[in-house]
Amino acid sequence: MEDGLKPTGDTKLDQAIRQWLQYDRNPKTISLVQDLVKDGSMEALKKCFSSRMEFGTAGLRAAMGPGISCMNDLTIIQTTQGFCCYLEQSFDNLKERGVVIGYDARAHPTSGGSSKRFASLAAAVFISRGVPVHLFSEITPTPFVPFTVSHLGLCAGIMVTASHNPKQDNGYKVYWENGAQIVSPHDSGISKAIEENLEPWPASWNTEEALKAALLKDPFQDINTQYFQAIQKHCHHREINKKSEVKIVHTSVHGVGHTFVQSAFKAFDLHPPYPVEEQKDPDPEFPTVKYPNPEEGKGVLTLSFALAEREGASVVLANDPDADRLAIAEKQESGQWRVFSGNELGALLGWWMFRCWSEQNSGAAAVKNLYMLASTVSSKILRAVALKEGFHFEETLTGFKWMGNRAKDLLDQGKSVLFAFEEAIGYMCCNSVLDKDGVSAAAIAGELISYLATKNKSLSQQLTTIFEEYGYHISKNSYFICHDQEVIRSLFERLRNFGGKKDSYPSECGRFSISAVRDLTTGYDSNQPGKKAILPTSSSSQMITFTFANGGVATMRTSGTEPKIKYYTELCAAPGNSDVTHLKKELDDLVDAIVEDFFEPVKNKLQPKPE
């Protein structure tokens, strides 16, 4: 090998390392690779070089570090070169319209990688091809990128973020010209173009020149103004907001959200929320939390609860680090804090959006033109509301890329899309952003809380009112950690060939009878004519949904970005059935049976979700 490095004895590996050292110009990653070769660290080298990061519909998500399986300067250049070529093939007017690039505050000093650095390299690649780039001069929330694509009519957007992943990770998220995340076949087209453009172009490393180029614009001020104007169309109770005495605490969990949520509250004339000082400034080390993910519940919110107790605040709002998700907790009369699930918040925000819409629109024609969306693993509560109120409710596959693209289709047909949500605390309350948005959701939640306070009602009480009117929907979601792809594959194959019978699914689980099965990996749906599923299917990920005779629904699926097998369960009761204790017990028993009979955690050595 060059540089006097000894070959590892693995020809394919040597080839990959040789090419890497030939292409890379980052002294830190070059040095890390050279050290691994010198030390003969075969396992580490294989981890870094055995397979390139897969570019999927969610873009890229991986640890920062050296090699083709990690996020670093070279893989960012290679990815952007492929993406740029794909855009050149897709748009005749790419050089007139351009792209937008945003980034969060992540950094990895060991390998010299950071979101800002990666964004600058991506900009250099586009500028070297004569493509105008709107590169944010400062960190921004993820929703600002899709907003900018739509607002400026650009061809595409890139957001460099790993959202709420562990601190060593980073990601590269891609939006199409319609303002929604890419869907197939764009991912495979981009992937192919990356493979065809691995050698860095001469000007791809030249960030200094690129940052001075006439083709580079900074959209920060303009978008900051336009975004906060756009979300004000969902501010319906300005007078109540101005007078509200409600105290709210906000944490951005060391991410980008603080200044943007403060601005959103200001746009709604709400009193500013109390920021959690220790967590309000961006910090790539996330020093006060084990996981920077508000979905993990109370552990992330400890400092928020302490501040709320000191200030006498009754509600806590929490964004994830790139501010596209929102968690909410409320102090109960018992003094305990209740962290709402994403499904419960979907019910509250969906109800509120419809209530505000109804005050301004009347007539059967208007409501017939109205749509709400949710992912198929999320609560069916909006379906129950839609049935009673007369608007349309649609389900999509898991992930906001599906909801964003479907919302755009509906808007293009002249329909109104009022709200979309997924159980993973993601909400689209404002269709100026065709993705989840934790900033607008925070302001809208602030107004909802202020309005309820005028009726002496808490969020918990309002949720009960919704369930009593539309039927209780009780859900229980969790996951197991599994790093062995073969175990995951055999677990799902066992369910498809249950009891040793080929292509035969279980008809019961413990004492619970199964009434329908939908398998979106194979395209099977026992409820549809010809047993063919309506929702798109994908053989690259596992996903099976069981419907039970008792009104229960359970979905098991693999995660696209983490080594997890997730499950989502819900019991939907008809309005009037308000024996909550019985419903919860029934759901608990159902979940226990699914875990025991379908996951077989002991046999499969699955790690439960850490408490």
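It should be emphasised that the depicted structure is a prediction, and the values quoted were computed from it without experimental measurement. (Residues numbered from 1 in each chain as written. Predicted model: local features only at pLDDT ≥ 70, side-chain atom pairs only at ≥ 80, totals over all residues. Heavy atoms only, no water.)

## A closer look at the sheet that holds strand β17 (residues 426–428)
Each strand in a sheet pairs with another by means of backbone hydrogen bonds, the pair being arranged parallel or else antiparallel. Convention followed: Strand pairing follows a simple DSSP-based rule, namely that at least 2 bridges must link the two strands. Secondary structure counts use DSSP, requiring at least four H or I residues in a row for a helix and at least two E residues in a row for a strand, with both numbered from the N terminus. Axis definition: a line fitted to C-alpha atoms, limited for helices to the stretch in contact. Angles are taken between N-to-C directions and run from 0 to 180 degrees.
Strand order in the open sheet made by the four strands is β15-β14-β16-β17, with mixed pairing throughout. If you trace the sheet from one side to the other, it starts and ends with β15 (392–396) and β17, each paired once. Direction aside, neighbouring strands of the sheet carry axes that sit 15° apart on average. Here three bridges tie strand β16 (residues 416–422) to β17, and the two strands are oriented antiparallel to one another. Bridge pairing in β17 links A420 to M428.

## Some points on unusual backbone geometry
Let me state the cut-off plainly: Each residue's exposure class comes from its accessible area (1.4 Å probe, protein chains only) as a fraction of the maximum for that residue type: buried when under 20%, exposed when over 50%, partly exposed otherwise.
In this structure, the amide linkage connecting S184 to the following residue, P185, adopts the cis form with an omega of 5°. Along the polypeptide, P185 turns up in the loop between β7 (169–175) and α8 (186–195). One non-glycine residue, F286, lies in the positive phi region at around 45°. Take F286: its relative accessible area is 5%, and that puts it in the buried class.

## Considering the environment of I240
Convention followed: We call two residues contacting when some pair of their heavy atoms lies within 4.5 Å.
Along the chain, I240 turns up in helix α11 (residues 238–243). Counting along the chain gives 29 residues from I240 to D269, while the straight-line C-alpha distance between them is 9.1 Å. If we ignore the near neighbours within four places in the chain, the residues touching I240 are S450, Y451 and T454.

## What to know about the sheet that holds β7
Reading across from one edge, β1-β7-β6-β2-β5-β8 is the order of the six strands in this open sheet, with mixed pairing throughout. The two strands at the open ends of the sheet, each matched to only one other strand, are β1 (60–63) and β8 (216–217). With five bridges joining them, strand β2 (residues 99–103) and strand β6 (residues 156–160) adopt parallel strand pairing. Considered in β6, the bridge of Y103 is made with V160. Against the sheet, helix α6 (residues 115–128) contacts β2, β5 (133–135), β6, β7 and β8, and its axis sits at roughly 165° relative to β2.

## Section: the pairing of β2
Counting buried positions along β2 yields five of five residues, so the element is predominantly enclosed. Burial along β2 is two-sided: V99, I101 and Y103 and V100 and G102, pointing in opposite directions, are all buried.

## Describing the domain arrangement of the protein chain
Defined as follows: Source of the domain bounds: an automatic or database domain assignment. Buried area: the accessible surface (1.4 Å probe) lost by two parts on joining, summed over both. Think of a salt bridge as a Lys or Arg side-chain nitrogen and an Asp or Glu carboxyl oxygen that are within 4 Å of each other. Counting of polar contacts relies on pairs of N or O atoms within 3.5 Å, with two restrictions inside protein: one atom must be capable of donating a hydrogen and the other of accepting it, and residues adjacent in sequence are counted only when both atoms are side-chain atoms.
Splitting the protein chain by domain gives domain 1 (51–225), domain 2 (226–341), domain 3 (343–470) and domain 4 (472–608). Here the C-alpha centroids of domain 1 and domain 3 sit 31 Å apart. In this complex, domain 1 contributes 14 residues to the contact, which on the side of domain 3 involves 14 residues. For the pairing of domain 1 and domain 3, the buried interface totals around 1,100 Å² over both sides, and the portion due to carbon and sulfur atoms is 58%. Of all residues in domain 1, P143, N178 and Q181 bury the most surface against domain 3, accounting for 40% of the area lost on that side. Counting across the interface, domain 1 meets domain 3 through one salt bridge. The closest approach of N and O atoms between K173 and D435, which form a salt bridge, is 3.5 Å. Where domain 1 touches domain 3, the interface holds six residue pairs in polar contact (both at pLDDT 80 or more). Looking at which element gives the most residues to the side of domain 1 that touches domain 3, the answer is helix α7 (residues 144–152), with three residues.

## Description of the UniProt feature "domain: Alpha-D-phosphohexomutase alpha/beta/alpha" (unreviewed entry) in the protein chain
Threshold: UniProt positions are given in the numbering used here, feature names are shortened, and annotations may be inferred rather than shown by experiment.
Sites flagged by UniProt as "domain: Alpha-D-phosphohexomutase alpha/beta/alpha" (unreviewed entry) map to residues 53–198, 226–331 and 342–470. The straight-line gap between the two end C-alpha atoms of residues 53–198 is 13 Å; of that span, 38% is helix and 19% is strand. The span residues 342–470 is 58% helix and 16% strand, and its two end C-alpha atoms sit 18 Å from each other.

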